[in-house]
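Residue-level listing of the chains:
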Amino acid sequence: MSTSRDTAAYTPPAEANGAAARPGQLDGALLSVESISKRYGETQALSAAQLAVAPGEVHALVGENGSGKSSLVKILSGVTSQDEGTLTLGGVPASFRTPAQARRAGIVAVFQETLVASELSVLDNVFMGNDGLFRRRHRRTAELAQARAALARIGLQSIDLDRPLWTLTLAQQQLVTIARALVQPWKLLLLDEATSALDIDGRERLFEVLAEETRGGELSVLFVTHRMDEVMKSSDRITVLRAGQTVGVLRTADAELDYVLALMAGESGTAAAAVGEEGETPALRVAPRRAAAPVLELADVVLKPGATPFDLKLSEGAVLGVAALEGHGQADLLRCIAGISRPAEGTVLACRDGISADVHQSRVRSQHAREAYRQGIVYVPSDRKKEGIFPGLSVLDNLIVPSLARLSRFGVVRGRAAARQANDAVRDLGVKTAGVRAKVGTLSGGNQQKVVVGRWLLTDPRVLVLNDPMRGVDPGARRDLLNVLHQVAEKGVAIILYSTELEELLTLCPEVAIVRDHSVTHVLSGERLTMDALIAGMFGRPDHAEGAR
Amino acid sequence: MLRPRASRAQTLVQRHGVDAVPWLLVIALFIATAASLDGFLTKPSILSVLVISALLGLASLGQTLTIMLGGIDLSIPGLMTMGNIVSIMLAQHGWPFLTIVLTISAVAIAIGTLNAILSRALQVHPLVVTLAVGLIVAGAVLTITHGGSVNGALPEWVVSAISPVEHTWFIPLPGVLVAWIAVSALVLWGQRGTRFGRLLYAIGSNPLAARLSLAPETVVWVGVYQISALMAALSGILLAAYSGSASVSVSQPYLFMTVAAVVVGGTSLLGGSGGYGRTILGVFVVQLLTVFLLGQGFSTYVQGTILGAMIVLLVSIYGRDQHVSRRI
Amino acid sequence: MRWRLAESKYAVPAIIGIVVLWIANAALDSAFLSAAQWGTLAAAAIPFVLAAMAQAPAILSGRGGIDLSVGPLMGLVNAIVMGGLVKHGTSSAVVIVLVALGIGLAAGFINGVLVAYVRIPPIIATLGTYFVFASLTYIVMPLSGGTAPHWLSQLHGQWGPIPGVTAFFVVVVAIWLVLSSTSYLRNLLATGSDDRAAYTAGVDVTRVRLVAYTLGGVIAAIGGLALTVTLGSGDPGAGPAFTLYAIAGAALGGLSLGGGRGGILGAAAGGFIFFLTQNLLTAVNISVFALQIATGIVVLVAVGLNSIGSYIGRRQATSAA
């Protein structure tokens, strides 16, 4: 991606609005971020990102999944430190080693995950972290008054401050974490998708309060969100991140939503609509088979109580992409297909030779995943470090774990057969390793991911469910994986692929299901399957959504 | 930016240092003992060290497996007490030795099953469960035998199998050493060569990934704790043969020595790494240190202090947890 | 002081347990009915109570927090007081108390550094120090014996109906009350409940844990002095068993073994329950070995009840959310 060109192309509107030419610079900025970079192992989360927040403004930070928003928030809030670049707060260089330091400097953060102590009272949760190790900042009566006032402002009146937090709804718990940020003196409030747990009323009230707070011209709010309506309605300015870089800074009043979406998607976003275009990656879409036998059928599935029911069908060799913003239930969809979790309602049927079997038929929970496996449904998890690899074990051992029963006789592993299959897998997947005996922990992220995928291909699956397998994988390994998936599909294996990389979905999948609010809202295919339609669907733009259905 | 550097140093140690530590310790202790103790380099005294190593080695087998799995087994002394006292008691009643061994094995396997099932079902760390079960087992044995006052005798061939000066058939080694070598060979092969062994490593390395790979966790847990209990009980019988009579207290130090042997050998208490080969080295470290310190006139308690500190030191090199900021 | 109410809610089953066991004990053991023997009774109970209280801060600090070295540390303090000080003619109350507290502080601090800074999983770090303290005890005092100084053995008696050993209990409760008037208790429970939440909110979770283990060491040292009163002498083998009793007591007292829930008074109640069951079993004249079996079973029942309790707690939490 030629970001320099993008930036050049997209800065004019910002300049026209009187902002500085370089997005990180702003005269009298409350906070400015200069060329911040951060790397997590293989992944370059941020590369020379810029950001400037003026005093008294509500600033929105937007970007697709994985564009570096969360990393930036973590750096600003002191959870982690940058590798390179500088932070300036109120004109003074700042560097935070802990969230406590950031708080003292006046930066308070609220995260998407509702981080609360569920056994503690509302009051204790509001004032958590406000004191020293031993030193109390306020008397209890003062705390009560402040907490009550802060909670009332954001819509939690008349709540018993001594109730343990777990007795509150998730939305109420999230409001408590916001109140936690408000009860102490602050200059900059960071909201990292903190509104996703709130309902519409709660969100609107919150933004009203924030508008009031910032009106004085001293306090500022920086918020990260996937809800574009929120951005367009409640922010003063917008910074757009893509692939760890700042690609645009706009004044909201002058910004067009389509333009912001295009910035987020990048140049390829607008062009990638066409299938099989020239470019680095050739289209790998598998043509739908005629009269292919069905392998999977979801009927009236409700992923979460209250969500809309939906149906989904998959036949041999089909490749279904899944597009969703994080937290919209795509993981639940994949996991209930693989029998790891259970839908609130509805059935997941695996079909073989015309006979259907309910994956969740057993009363024993742990049997669901086994039943899915017996039916040939296998699941490649998203977080390979946490859920995928066995870091201290060899590539061979990592590959054969689910196939051990098949690869052993009377409990003794058939070493030669195992080694042969592992070697074949390493060759077919193009795993770059010193050999099958090398520890998988020494491999690069992309190669580790290939091993995790290969582990399941060795079991000869009929349905391959992949939960964001390309995350943190380098482009070369990504291409290899796409090719492998293409070949597998050609052989008749059905694939369900969730990816945060929309381009990959467009490259590989003839059909893409959009998951929003814990339900499949559309299935796009053919001409309707374009980057724009995907983004519109994911962000819930009503006009596009209607057209796409 | 101290964190990345620290972790890099850690990986370096992980890759090379820890592997070498037990070897260096064995060699250093051997030289030190040989230099400080007259007559150490004679066949009988070397064989004596090997025999006590075999006893500890057999008792530590189960500890190795439970720790590789991410657990621990503190019921080992209780089971050793059972093997020790009950074997003598049954011999006193005139039971044939084979029947004694089979009976004790069956009971031990049942206790091991109980350890695993209770830890899994209650979701409590096996440390607490096995400690309590060990207490119950020892209490039961002492109740049955009225405080362990039994005086039977094990068959002559069993006693001679553990005497350093005996030989086994044509092999010029006592039976217990031959048995330890055979068991070690079996385990060293089995931990890689069997389905059970590979699942054990996988579950210990990453339980969540193992669950998603449909590894039968409970089966492996039960199997490992069964092996641990069985080996502890059998070691208890050998200990009875070694000391010639039943003893209530002789098993107590094994709580500590089995853990020390495993950790000093370099098997991480976080599970998934190491293996019995390392424990064999750890066993030699523990027993050579014992001989060396006793030779210097120190008590076993000095040894306990040193080994306890060594555990903490070695774990702080390779068994560290993530900082809280890495989990957000 | 609302926190005490909130804390006592979790101790309710423990208090009911105490009442029931007290009645059962009274039916079998006349000492429970005559106030003149409460001093002796309390002296027998106090090590159990203090051991469970010493365990509490570590468990409350969460993330697998546990202090296995509590028992051996109590034994070590007993050994240093009897085998180190008294044996060599030092029986001054000031010296003995200061030395005991100093040992507790240092030992707890070492545990705290290992857990919080070196980040060794607590179960392993404190198992290591368990071995070290248990062995040091025998080095300091290889054989049991000696007679506790007068001012200590006096506590074995009672003033009116109030047992002398209550003093130890009062001291620990006082420490806890002082801490709870500061912000530390909130920090500790927040860290134990969810250290990520606490950390992002600005709590210094590392120091919170360091203080928790140090505090546990100090309470264990006070427990060691109490143990000296109970024994009336020194015994190098007396300490280690209290680790298991302490864990069981904490579990019985409604502390979540996962951290963040409960308080030190609950642990005290749990420790007392543990003592009462032991006493009850002794009163029915079962052998010392059968008592050992019973103890093991009580421990298993304690952790079993505890895990059922947290299971129900989780169910409530999910249904509320």
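Source: prediction; values computed, not measured.

(A) Geometry of the overall build of chain C. Of the regular secondary structure elements, chain C holds 13 helices and two strands. Relative to a compact globule of 321 residues, whose C-alpha radius of gyration would be 20 Å, chain C shows 19 Å and is just as compact. Referenced to the eigenvectors of the C-alpha coordinate spread, the extents of chain C come out at roughly 55 × 45 × 35 Å. Counting across all 321 residues of chain C, residues that qualify as buried make up 61%. Residue pairs at least 24 apart in sequence account for 80% of intrachain contacts in chain C once pairs closer than 6 positions are excluded.

(B) Local environment of the overall build of chain B. Across its full length, chain B holds 13 helices and zero strands. Ordered by position in the sequence, the α and β elements of chain B form the string α-α-α-α-α-α-α-α-α-α-α-α-α. Over its C-alpha trace chain B gives a radius of gyration of 20 Å, about what one expects of a compact globule, namely 20 Å for 328 residues. Within chain B, the fraction of its 328 residues that count as buried is 55%. For chain B, long-range pairs separated by at least 24 residues make up 76% of all intrachain contacts whose partners lie at least 6 apart in sequence.

(C) Summary view of the interface of chain B and chain A. The partner chain A presents 25 residues to the 20 residues of chain B that form the contact. Mapped by element, the contributors of at least two residues to the side of chain B that touches chain A are α8 (195-205) and α9 (207-212) of chain B. A per-element tally of the side of chain B that touches chain A places α8 of chain B first, with seven residues. Its residues assigned to classes, the side of chain B that touches chain A comprises ten nonpolar, eight polar and two charged.

(D) Focus on the packing of helix α4 (residues 93-117) of chain C against helix α10 (residues 205-231) of chain C. Residue and element names in this part refer to chain C. Following both chains from N to C, one finds α4 and α10 inclined at 150 degrees, their axes separated by 7 Å at the closest point. The pairing of α4 with α10 is recorded here as roughly antiparallel in orientation. By crossing handedness, the relation of α4 to α10 is classed as right-handed. Within the contact of α4 with α10, the residues separate by chemical class into 17 nonpolar, nine polar and one charged.

(E) Region of the structure containing the interface of chain C and chain B. With 39 residues of chain C at the interface, the matching set in chain B holds 42 residues. Those elements that provide at least two residues to the side of chain C that touches chain B are α5 (122-140), α9 (195-201), α11 (241-252) and α13 (288-320) of chain C. Among the elements that take part in the side of chain C that touches chain B, α5 of chain C stands out by supplying 13 residues, more than any other. Residue composition of the side of chain C that touches chain B, by class: 26 nonpolar, ten polar and three charged.

(F) A look at the environment of A262 of chain A. Along the chain, A262 of chain A turns up in helix α9 (residues 257-265). Residues A262 of chain A and M531 of chain A, spaced 269 residues apart in sequence, show a C-alpha to C-alpha distance of 9.5 Å.

(G) Main features of the nonpolar core. The biggest cluster of nonpolar side chains holds 406 residues, and the ones touching the most others in it are L190, V465, I495 and L497 of chain A together with L50 and M53 of chain C. For this core, the element with the most residues is helix α10 (residues 217-243) of chain B, which contributes 17 residues. Beyond its immediate sequence surroundings of up to four residues, I495 of chain A is in contact with V319, L320, L464, L485, V488 and A489 of chain A.

(H) How the structure looks around the confidence of the model for chain C. Residue and element names in this part refer to chain C. Looking at chain C, the pLDDT average stands at 89 and 94% of residues meet or exceed 70. Confidence drops under a pLDDT of 50 for residues 1-6, and excluding neighbours within four residues, the segment shows four contacts in the predicted structure. Here the complex is predicted with pTM 0.86, and the ipTM for its interfaces comes to 0.88.

(I) Geometry of the sheet that holds strand β2 (residues 43-53) of chain A. Residues and elements named next belong to chain A. Read across the open sheet, the four strands follow the order β2-β1-β4-β5; overall the sheet is antiparallel. Lying at the two open borders of the sheet, with one neighbouring strand each, are β2 and β5 (92-94). On average, each strand axis in the sheet is tilted by 30 degrees relative to the strand beside it, whichever way the strands run. Bridge analysis of strand β1 (residues 31-40) against strand β4 (residues 84-89) gives five bridges, and the strand direction is antiparallel. Paired with V33 across the two strands is L87, which belongs to β4. Against the sheet, helix α2 (residues 69-76) engages β1 and β2, with an angle of about 65 degrees to β2.

(J) Region of the structure containing the pairing of strand β10 (residues 245-251) of chain A. Residue and element names in this part refer to chain A. Judged by how many residues are buried, β10 sits mostly within the fold: six of seven residues are covered. Sheet topology note: the strand β9 (residues 237-242)/β10 ladder contains six bridges and is antiparallel. For V240, the partnering residue across the bridge sits in β10 and is G248. Hairpin connection from β9 to β10: two residues lie between these consecutive antiparallel strands, with A243 at a positive phi of about 50 degrees.

(K) Quick look at α10 of chain B. Residue and element names in this part refer to chain B. Spanning 27 residues, α10 covers 39 Å between terminal C-alpha atoms, matching the ideal 39 Å at 1.5 Å per step. With respect to burial, α10 is a largely interior element, 21 of its 27 residues being buried. Where α10 terminates, the next one or two residues include G244, which has phi positive at roughly 85 degrees.

(L) Molecular detail of the confidence of the model for chain B. On average, residues of chain B carry a pLDDT of 87, and 94% of them reach 70 or more. Predicted confidence for residues 1-9 of chain B stays below pLDDT 50, and this span has zero contacts to residues more than four positions away or in other chains.

(M) Structural detail: helix α5 (residues 140-153) of chain A. Residues and elements named next belong to chain A. The terminal C-alpha atoms of α5, which comprises 14 residues, lie 20 Å apart, in line with the 20 Å expected from a rise of 1.5 Å per residue. Looking at the buried side of α5, the elements it contacts are α4 (122-126) and α6 (170-182). Looking one or two residues beyond α5, the residue adopting positive phi is G155, at roughly 100 degrees.

(N) Broad picture of unusual backbone geometry. All names here are of chain A. We note that D460 has phi near 60 degrees; this positive angle belongs to a residue other than glycine. Mapped onto the elements of the fold, D460 is located in the loop between α16 (445-457) and β19 (463-467). Residue classification places D460 among the exposed positions, given that 11 C-beta atoms sit within 10 Å.

(O) Molecular detail of the sheet that holds strand β20 (residues 494-498) of chain A. All names here are of chain A. Pairing is mixed in the open sheet, where six strands are placed in the order β16-β19-β20-β13-β21-β22. On the outer flanks of this sheet lie β16 (377-380) and β22 (519-525), each paired with one strand and no other. Each adjacent strand pair in this sheet contributes to an overall mean axis angle of 20 degrees, direction not counted. Pairing of strand β21 (residues 511-516) with β22 involves six bridges; the strand directions are antiparallel. Note on β22: the bridge partner recorded for E511 is S525.

(P) Looking closely at the pairing of β4 of chain A. Alignment of β4 of chain A against β5 of chain A, held across three bridges, turns out to be antiparallel. Of the residues in β5 of chain A, the one forming a bridge with L89 of chain A is V92 of chain A.

(Q) The arrangement of the packing of helix α4 (residues 97-122) of chain B against α10 of chain B in detail. Residues and elements named next belong to chain B. Running from amino to carboxyl end, α4 crosses α10 at an angle of 140 degrees, the nearest separation of the two axes being 7 Å. What the angle tells us is that α4 and α10 run oblique. α4 and α10 meet at a crossing whose hand is right-handed. Seen from α4, the contacting residues are V101, I104, S105, A108, I109, I111, G112, T113, N115, A116, I117 and R120; seen from α10, they are T218, W221, V222, Y225, Q226, S228, A229, L230, A232, A233 and I237. When the residues that make up the contact of α4 with α10 are grouped by side-chain class, the tally is 15 nonpolar, seven polar and one charged.

(R) Looking closely at the environment of L188 of chain C. Residue and element names in this part refer to chain C. Structurally, L188 can be placed in helix α8 (residues 184-193). A count of 29 C-beta atoms within 10 Å places L188 in the buried class. With 114 residues separating them in the primary sequence, L188 and A302 have C-alpha atoms 24 Å apart. For L188, the residues in contact, after removing those within four places along its chain, are P57, L60, S61, V208 and A212.

Quick notes on the rules
Residues numbered from 1 in each chain as written. Chains lettered and ligands numbered in written order. Predicted model: local features only at pLDDT ≥ 70, side-chain atom pairs only at ≥ 80, totals over all residues. Helix = DSSP H or I, 4+ residues; strand = E, 2+ residues; numbered from the N terminus. Rg over C-alpha atoms; globule rule 2.2 N^0.38 Å. Buried ≥ 20, exposed ≤ 12 C-beta atoms within 10 Å, placed from the backbone. Contact = placed C-beta atoms within 7 Å. Nonpolar A, V, L, I, M, F, W, Y, C, P; charged D, E, K, R; others polar. Axes fitted to C-alpha atoms, helices over the stretch in contact; angles between N-to-C directions. Parallel < 35°, antiparallel > 145°, perpendicular 65-115°, else oblique. Left-handed = near helix turned anticlockwise from the far one by under 90°. Core = buried A, V, L, I, M, F, W, Y, C linked by C-beta atoms within 7 Å. pLDDT = per-residue confidence, 0-100. Pairing = 2+ DSSP bridges. Expected span 1.5 Å × (residues − 1).

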